Amino acid sequence: MITTVQQHIQQEMSEGRGTFGWLMSGITLATKMIEAKIRAAGLTDIYGALSSENVQGEQQQKLDVFANQALIHCLGTRDSVAALVSEEDEEPVVFDRSLDTGKYIIVFDPLDGSSNIDVNVNVGTIFSVHRRLTWGALTESVLQPGTSQVAAGYVLYGPSTVLVYTTGRGVHAFTLDPTIGAFVLTQENMKMPERGKYYSVNEANVASWPEGYQQYLVGLRNEGFGARYIGSLVADFHRTLLKGGVFLYPPNKVKAEGKLRLLYEANPLALIAEQAGGMATNGADRVLEVRPEAIHQRTPFMVGSRYEMETLGRALRA
Ligand code: P6P
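Procedures and definitions
Residues numbered from 1 in each chain as written. Predicted model: local features only at pLDDT ≥ 70, side-chain atom pairs only at ≥ 80, totals over all residues. Heavy atoms only, no water. Pairing = 2+ DSSP bridges. Helix = DSSP H or I, 4+ residues; strand = E, 2+ residues; numbered from the N terminus. Phe/Tyr/Trp six-rings, centres within 6.5 Å; stacked < 30°, edge-to-face > 60°. Buried < 20%, exposed > 50% of the residue type's maximum accessible area, 1.4 Å probe, protein only. Lys NZ or Arg CZ within 6 Å of the ring centre and 35° of its normal. Domains from an automatic or database assignment. Contact = heavy atoms within 4.5 Å. Buried area = accessible area lost by both parts, 1.4 Å probe. Salt bridge = Lys/Arg side-chain N within 4 Å of Asp/Glu carboxyl O. Polar contact = N/O pair within 3.5 Å; in protein donor to acceptor, adjacent residues only side chain to side chain. Near = heavy atom within 4 Å. Areas by Shrake-Rupley, 256 points an atom, 1.4 Å probe, with all protein chains shown as cover. Nonpolar A, V, L, I, M, F, W, Y, C, P; charged D, E, K, R; others polar. Axes fitted to C-alpha atoms, helices over the stretch in contact; angles between N-to-C directions. Parallel < 35°, antiparallel > 145°, perpendicular 65-115°, else oblique. Left-handed = near helix turned anticlockwise from the far one by under 90°.

**Student:** Looking at this model, I keep getting lost on the sheet that holds strand 5 (residues 104-112). Mind explaining?
**Tutor:** Sheet strands pair by backbone hydrogen bonding; their relative direction is either parallel or antiparallel. Read across the open sheet, the eight strands follow the order 4-3-5-6-7-8-9-10; overall the sheet is mixed. The two strands at the open ends of the sheet, each matched to only one other strand, are strand 4 (93-94) and strand 10 (182-187). One ladder, built from two bridges, connects strand 3 (residues 81-86) with strand 4; its direction is antiparallel. When the bridges of strand 4 are listed, alanine 83 appears paired with valine 94.

Take a look at the structure:
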């Protein structure tokens, strides 16, 4: 028999499962709406860019805006949500809910890699869930380190649509069954291989990386590693989770803090990686322990199998 996300949450969580389950149903509903739009993208006028830019100064794709609106709508109707932080919006969306009702903060990248949509390449939604702190300003609840996440996950829109999530009790994957419109459990307690065959990085930037990264890549090539780079974070991460290997977005001369965002890209994927037996760093520290200072702050992000990540650590300390 099938196991849906809701059923899995009921089995997984000892307390708060009703409220959390209702919250997660907001994410699954929104991502099913996004998936339907993406599937029809070639047939309807949903491809292409808008004239507008998002808070990152990036040209918004029509699907970016739709995905953002879908998540804000579906999650905003969950009373347990105190605030939402989106890659697409400068400021958090705050709901007027009491401390004992509005228990969660959700941070998300509604459609990562969206520039790939027009060429039919996989894109993804990434989300991270924190408990609202019962003290201090709301920003303190938003700017919690990755170790405080109560849940994290992503949805990869590819040949099939896969939701991967963790509540800190292992990593589990669900595949959207379009015949019943539900995500059904397809992999439980996923483990990242101890070592893979590929490194995944944009090598166009190699000359501007710190020396240690350059030497690291030479070493991997000498060990026979191949290269795979899709240019869509969720797709590159998902392959690394399943097959092992290492994904890197190092700092470079132009982007001293790298390109990827701490709160809604690095932290959720770092929690999943660690829960699956992998590692994730910013080149110096465990990503999950970085104390955020701004909601859109960037971070260098390296994530992958234990062997590749320990080798990277030695290369950067050399
Ligand atoms: P670059 C897509 O725009 C994205 O945000 C991630 O999905 C991806 O990993 C990264 O940027 C690719 O960046 O600089 O290699 O094109």
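**Student:** Honestly, the packing of aromatic side chains in this entry has me stumped. Any pointers?
**Tutor:** Two measures describe an aromatic ring pair: the distance that separates the ring centres and the angle between the ring planes. The tally for this structure, following the rule as stated, stands at five aromatic pairs. With a centroid separation of 5.8 Å and an interplanar angle of 55 degrees, the aromatic rings of tyrosine 165 and phenylalanine 174 are classed as tilted. For tyrosine 165, a relative accessible area of 0% translates into the label buried. Pairing phenylalanine 247 with phenylalanine 301 gives two aromatic rings, centres 6.5 Å apart and planes at 55 degrees, and the pair type is tilted. Within this pair, whereas phenylalanine 247 is found in strand 13 (residues 246-249), its partner phenylalanine 301 is found in strand 15 (residues 301-304), the two being separated by 54 residues in sequence. Three or more aromatic residues joined by ring pairs form one cluster here, namely Tyr229, Phe247 and Phe301. Of note, lysine 37 hangs over the ring of phenylalanine 66, and the distance from its end group to the ring centre comes to 5.1 Å.

**Student:** Help me understand the domain arrangement of the protein chain, please; the structure alone is not making it clear to me.
**Tutor:** The parts lose accessible area when they come together, and the size of an interface is often stated as this lost area. Segmenting the protein chain into domains produces domain 1 (5-187) and domain 2 (198-317). Distance between the C-alpha centres of domain 1 and domain 2: 23 Å. If you look at the interface, domain 1 gives 42 residues, while domain 2 gives 30 residues. Regarding the contact of domain 1 and domain 2, the summed buried area is about 2,700 Å², with carbon and sulfur atoms giving 66% of it. Counting the surface domain 1 buries against domain 2, the share from its top three residues, Ile126, Leu143 and Tyr154, is 21%. For the pair domain 1 and domain 2, the number of links is zero salt bridges. The interface formed by domain 1 and domain 2 includes ten residue pairs in polar contact (both at pLDDT 80 or more).

**Student:** How should I be thinking about helix 7 (residues 262-275) in this particular structure?
**Tutor:** The periodicity of an α-helix, 3.6 residues per turn, causes residues three or four places apart in sequence to face the same way. Across the 14 residues that make up helix 7, a large majority, twelve, are buried. The complete set of buried residues in helix 7 reads Leu262, Leu263, Tyr264, Glu265, Ala266, Asn267, Pro268, Leu269, Ala270, Leu271, Ile272 and Ala273. Downstream of helix 7 by a residue or two, glycine 277 has a phi angle that is positive, lying close to 95 degrees.

**Student:** Just checking my understanding: could you explain the pattern of salt bridges for this structure?
**Tutor:** Going through the model one piece at a time under the given rule, you end up with eight salt bridges. A salt bridge links arginine 195 to glutamate 223, with the nearest nitrogen and oxygen atoms 2.9 Å apart. Here the residue arginine 195 occupies a position in the loop between strand 10 and strand 11 (198-200), and glutamate 223 occupies one in the loop between helix 5 (211-222) and strand 12 (226-227), the gap between them amounting to 28 residues. For arginine 195, a relative accessible area of 39% translates into the label partly exposed. Arginine 239 is paired through a salt bridge with aspartate 236; the nearest N and O atoms lie 3.1 Å apart. Taken together, the residues arginine 239 and aspartate 236, both in helix 6 (residues 233-243) and three residues apart, mark about one turn of the helix. Note on aspartate 236: relative accessible area 0%, which makes it buried.

**Student:** Just checking my understanding: could you explain the site of the ligand for this structure?
**Tutor:** Around the ligand, a shell composed of Asp112, Gly113, Asn202, Tyr229, Gly231, Ser232, Leu233, Tyr249 and Lys259 is seen. Between the ligand and tyrosine 229, the relevant distance is 2.6 Å, taken from an oxygen atom to a side-chain nitrogen or oxygen of the residue. Interatomic distance of 2.6 Å between a side-chain N/O atom of tyrosine 249 and an oxygen atom of the ligand. The fraction of the free accessible surface of the ligand (400 Å²) that becomes covered by protein chains is 79%. In the shell around the ligand, the residues fall into three nonpolar, four polar and two charged.

**Student:** Got a minute to help me understand the packing of helix 2 (residues 17-39) against helix 3 (residues 62-76) in this structure?
**Tutor:** A pair of packed helices is characterised by two quantities: the angle between their axes and the separation of those axes. Axis separation between helix 2 and helix 3 bottoms out at 8 Å; the angle between their running directions is 155 degrees. It follows that helix 2 is roughly antiparallel to helix 3 by the angle criterion. Helix 3 is crossed by helix 2, and the crossing has right-handed handedness. Taken together, the residues of helix 3 that come into contact with helix 2 (itself represented by Leu23, Gly26, Ile27, Leu29, Ala30, Met33, Ile34, Lys37 and Ile38) are Leu63, Phe66, Ala67, Ala70, Leu71, Cys74 and Leu75.

**Student:** I would appreciate a short explanation of the pairing of strand 7 (residues 151-157) in the present structure.
**Tutor:** Most of strand 7 is tucked away: seven of the seven residues are buried. On strand 7, burial covers both faces: Ala151, Gly153, Val155 and Tyr157 on one face and Ala152, Tyr154 and Leu156 on the other are all buried. For strand 6 (residues 123-131) and strand 7, the ladder comprises seven bridges, and the chain directions are antiparallel. By the bridge assignment for strand 7, serine 128 is matched with alanine 152. Bridging between strand 7 and strand 8 (residues 161-166) involves six bridges; their strand directions are antiparallel. Counterpart to tyrosine 154 in the pairing with strand 8 is valine 164. Here strand 7 folds back onto strand 8 in antiparallel fashion, the turn holding three residues.

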